[in-house]
Each structure stands twice: as C-alpha cells, then as structure tokens.
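# Structural characterization, general
The residues making up each chain are set out below.
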Amino acid sequence: MKLKSSKRSNSGFLISFEGGEGGGKSTQIRHLVKYFTDHNIPVVLTLEPGGTKIGSKIRKILLDPKNTEISHRAELLLYLADRAQHVEECILPALKAGKVVISDRYADSSNVYQGICRKLGLEWTMALNDYATDGLYPNIAIILDIPEKIGLARVQQRILTQKFNHKSSNAQLDRMENEKVAFHKKVRQGFLLLSKKYPKRIQVINAALSEEEVKSAIQKLIRNRIQKMKGQSLWKKLEQ
Ligand SMILES: Nc1ncnc2c1ncn2[C@@H]1O[C@H](COP(=O)(O)OP(=O)(O)OP(=O)(O)O)[C@@H](O)[C@H]1O
Ligand SMILES: [Mg+2]
C-alpha cells in the first residue's frame, strides 16, 4: 500500500542528529544550541525516544536492559508511537512558531536500526515513518559517523566518568548499547547507505575528529543549508 504523506508548511527549521552510539550527538547538540542562542534564534532541543511525557514512558520500556523479549516489530512500533506523539505535541508546534528544532535521533534511526539492522525492511520503516510523522522530515539530518569501536569506547568512558563523579552511581549500558560490536558495525554501514540514498537530506560528518573540528564542520554545514533558504529571517539573524 502506498501511503499518502502531507508536507506540512512551517517557517521553522528541523535538524536531526543521527549515527551510532558515542558519536558525540549530545556533545555537538549542546554546541549547536549555543550557536543558535548566541544569534538570538529561538531553538528547541528535544530527543527520541522520550521527547514528551508519554514518550518518556515509552523510552523506559525501549531502553530497559531487562526487556530482552521485545519483538522486533513491537520495538519498531514503540519507536513510531513515540515519534508520532513527539511530532504532534512538540516538534510541529515549535516549527510553526518559526523555531529551530534539534532532535537527538529521529526517523532515520528507525530506518537503520529496525529497517536495516533488524531486517524489517526499509520499505516498511519508510512507509511507517511517513505515517507516524505525517510526512515531516528534517531540513537536514546530520550523521556523526564514527568507527563503532571508538564510539563504544567513548560511551564506556563516559559511564566510568559518570560513576567516578557519582553523578549517576547506577550508570550502565542501555539495551541498544548492549548489542554486540557486529551490530554496531551494521548500524554504521546502515547510516552510510542511507546517506548515499538521500545525499541532499542526509549529511555525514567525520565524528572521529576532535570536538572542536566536528563543531566547526557542523556549523559550516548548517550555515550553508540555511543560506540556501535566502530571504528567510533565520539566515538574516545568522549573518548578524
Ligand atoms: N570529538 C570527540 N572526541 C573525543 N571524545 C568525544 C568527542 N565528542 C564527544 N566525546 C566524548 O565521547 C563521549 C560520548 O559523547 P556523547 O555522549 O556526546 O555521544 P552520543 O552520540 O550522544 O552518545 P549516545 O549514543 O550514547 O547518546 C562523551 O564522554 C564525550 O565527552
Ligand atoms: Mg547522547
């Protein structure tokens, strides 16, 4: 069945950060939020799963290391339920108010983790993403690409640091992070494959570089993309 998707008109700008674990999504999102705020551009930072009250309940189910019995289809549908609520309650209202929205993961994560890695099929995840988002896709999806072993080592290091600082004494790997290295290798290949399929919408950044270098590369990418939307008030503010 071919699903009909409606492109919703809005004056905002949606950015998603994607990629495997430990690529530096949270780190770089913090930098980008500051970049927009410094230019007086209203920005909303959100995440998947868990960007809404209902979503945070779904997140608990999805990431609980004890929930080993979730079927692949149930897993996909839980992510999609979270996304549908997220678009309706959080993302779309902010875009309609002309804000920049940055989401830590969005539709492409389902395409890669469930469609490719869990082998549910890209045709299914893409059609179901169309349905869940009502056709709302990011102006730009940024993939922080990193060799899986480096990404996982960074996550392990982050957990050790958190434990050391007693910030979170029970910090541990979540259900997705617990997957084997081979799975994370497939995740990386999946994102790269998707970026080749949609080279305009999806941009790859080398996340193995230093934090500062990655930060500059992202800013350059965003400026270029926003500049192309000349006449937009967003670009005028970035130019200031
Ligand atoms: N460019 C970088 N070079 C070295 N270390 C980095 C870099 N970027 C982030 N880190 C560190 O790597 C760890 C993981 O980064 P971060 O939490 O931002 O990744 P993430 O993609 O959000 O991970 P997750 O998938 O678990 O949410 C953190 O301890 C962070 O300080
Ligand atoms: Mg993160």
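Here's a quick rundown of the structure.

Parameters and conventions
- Residues numbered from 1 in each chain as written.
- Chains lettered and ligands numbered in written order.
- Predicted model: local features only at pLDDT ≥ 70, side-chain atom pairs only at ≥ 80, totals over all residues.
- Helix = DSSP H or I, 4+ residues; strand = E, 2+ residues; numbered from the N terminus.
- Rg over C-alpha atoms; globule rule 2.2 N^0.38 Å.
- Near = placed C-beta within 6 Å.
- Nonpolar A, V, L, I, M, F, W, Y, C, P; charged D, E, K, R; others polar.
- Axes fitted to C-alpha atoms, helices over the stretch in contact; angles between N-to-C directions.
- Parallel < 35°, antiparallel > 145°, perpendicular 65-115°, else oblique.
- Left-handed = near helix turned anticlockwise from the far one by under 90°.
- Contact = placed C-beta atoms within 7 Å.
- Pairing = 2+ DSSP bridges.
- Buried ≥ 20, exposed ≤ 12 C-beta atoms within 10 Å, placed from the backbone.

Attention shifts here to the overall build of the protein chain. When its secondary structure is counted, the protein chain shows nine helices and five strands. Listed by position from the N terminus, the elements making up the protein chain come as β-α-β-α-α-β-α-α-β-α-α-β-α-α. For 240 residues, the compact-globule estimate of 2.2 N^0.38 gives 18 Å, and the C-alpha radius of gyration of the protein chain, at 18 Å, lies within 12% of that figure. For the C-alpha atoms alone, the extent of the protein chain along its principal axes is close to 50 × 50 × 35 Å.

In the vicinity of ligand 1, 14 residues are found, and the nearest of them are Gly24, Ser26, Thr27, Arg154 and Arg158. Of all the secondary structure elements, the ones that give two or more residues to the shell around ligand 1 are helix H1 (25-38), helix H6 (148-164) and helix H8 (211-227). Considered class by class, the residues forming the shell around ligand 1 number two nonpolar, seven polar and five charged.

Packing of helix H4 (residues 107-117) against helix H7 (residues 181-197) leaves a shortest axis separation of 9 Å and a crossing angle of 120°. Looking at the two axes, H4 sits oblique to H7. Considering only the axes of H4 and H7, their crossing is right-handed. Taken together, the residues of H7 that come into contact with H4 (itself represented by Asp108, Asn111, Val112, Tyr113, Ile116 and Cys117) are Phe183, Lys186, Val187, Gly190, Phe191 and Leu194. Here the residues of the contact of H4 with H7 sort into eight nonpolar, two polar and two charged.

In space, the five strands of this open sheet follow the order E2-E3-E1-E4-E5, with parallel pairing throughout. Only two strands of the sheet have a single neighbouring strand rather than two, namely strand E2 (43-47) and strand E5 (202-206). For this sheet the average axis-to-axis angle between neighbouring strands, irrespective of direction, equals 20°. Here strand E4 (residues 140-145) pairs with E5 via five bridges, running parallel.

What follows concerns the pairing of strand E3 (residues 100-104). Side chains on a regular strand alternate between the two faces of the sheet. With respect to burial, E3 is a largely interior element, four of its five residues being buried. Strand direction decides the pairing type here: strand E1 (residues 13-18) and E3, joined by five bridges, are parallel. By the bridge assignment, phenylalanine 13 is partnered in E3 with valine 100. Here E2 pairs with E3 via five bridges, running parallel. Bridging across to E3, leucine 45 finds its partner in isoleucine 102.

So, on to the environment of isoleucine 159. For isoleucine 159, the position within the fold is in helix H6. C-beta crowding within 10 Å serves as the criterion here: with 15 such atoms nearby, isoleucine 159 is assigned to the partly exposed category.

This part is about the environment of threonine 68. Tracing the backbone through its elements, the reader meets threonine 68 in the loop between helix H2 (53-63) and helix H3 (72-96). Note on threonine 68: 8 C-beta atoms within 10 Å, which makes it exposed. Once the C-alpha coordinates of threonine 68 and leucine 234 are considered, the two residues, 166 residues apart in sequence, prove to be 44 Å apart.

Structurally, the α-helix is built with 3.6 residues per turn, so residues lying three or four positions apart point the same way. Most of H4 sits inside the fold, with ten of its eleven residues counted as buried. Here H4 has its buried residues at Ala107, Asp108, Ser109, Ser110, Asn111, Val112, Tyr113, Gln114, Gly115 and Ile116. Packing partners of the buried residues in H4 comprise E1, H3, helix H5 (122-133), E4, H7 and E5. Count one or two residues on from H4 and you reach lysine 119, which has phi positive near 65°.

Across the six residues that make up E4, a large majority, five, are buried. Here four bridges tie E1 to E4, and the two strands are oriented parallel to one another. Its bridge partner lying in E4, isoleucine 15 is registered against isoleucine 140.

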